[in-house]
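Summary of structural features
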Amino acid sequence: MEARIKFEDANKGAMDGLFKTGMYVKKSGLDPLLQELIKFRASQINDCAFCLDMHWKDAIHLGEDPQRLYSLSAWRECPYYSEAERAVLAYTEEATAMNVSDETFNNLAKHFSKAQIVDITLAVVTINSWNMLNRAFHTVPGGYVVGSLG
């Protein structure tokens, strides 16, 4: 595989908004491992190999259990996700499909404040944007080093 476009080929500042939103979410107070579950699940849905490689490595670096990552696409059948995580995963899936049901939203609201739901939504929006860019540009997976992209 060869990249169609490398990010360094973009105009200066083209990705600044996504990086700024990503940094906001990173510092928002949401659990970093929860953020990685969001990123990993959305990247599975979107078949983004670069992001799967990146967020696997980031999650493991943060101490995530590999079992929880390789089972994530079947989270409904696994006993090792909390009720709050399950609410976030359902929300991530539906928000990625741009069709969040009242039931899913209300379940999320049992575990998180409105401000936290905004932050969770921004996490979903941001990773979906990165997934789209990396898929469209054919960003080559495998070479990501933890911490190299902020």
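Higher on the page you've got the structure.
Residues numbered from 1 in each chain as written. Predicted model: local features only at pLDDT ≥ 70, side-chain atom pairs only at ≥ 80, totals over all residues. Heavy atoms only, no water.

A word on the packing of aromatic side chains. Following the criterion strictly, the structure yields six aromatic pairs and no others. Counting every residue linked through ring pairs, the aromatic cluster contains Phe-7, Phe-19, Trp-130 and Phe-137. (Phe/Tyr/Trp six-rings, centres within 6.5 Å; stacked < 30°, edge-to-face > 60°.)

It is possible for side chains of opposite charge to pair when their charged atoms get near one another. If you walk through the whole model with that rule in mind, you get seven salt bridges. The shortest N-O distance in the salt bridge between Lys-39 and Glu-36 comes to 3.6 Å. With Lys-39 and Glu-36 both in helix α2 (residues 32-45) and three residues apart, the pair spans about one turn of that helix. For Glu-36, a relative accessible area of 6% translates into the label buried. Linking Glu-93 and Arg-76 is a salt bridge whose minimum nitrogen-to-oxygen distance equals 2.8 Å. One end of the pair, Glu-93, is in helix α5 (residues 83-96); the other, Arg-76, is in the loop between α4 (66-70) and α5, and 17 residues separate them in sequence. Given the relative accessible area of 13%, Glu-93 is considered buried. Among the residues examined, Arg-76 registers a relative accessible area of 54% and is labelled exposed. (Salt bridge = Lys/Arg side-chain N within 4 Å of Asp/Glu carboxyl O. Helix = DSSP H or I, 4+ residues; strand = E, 2+ residues; numbered from the N terminus. Buried < 20%, exposed > 50% of the residue type's maximum accessible area, 1.4 Å probe, protein only.)

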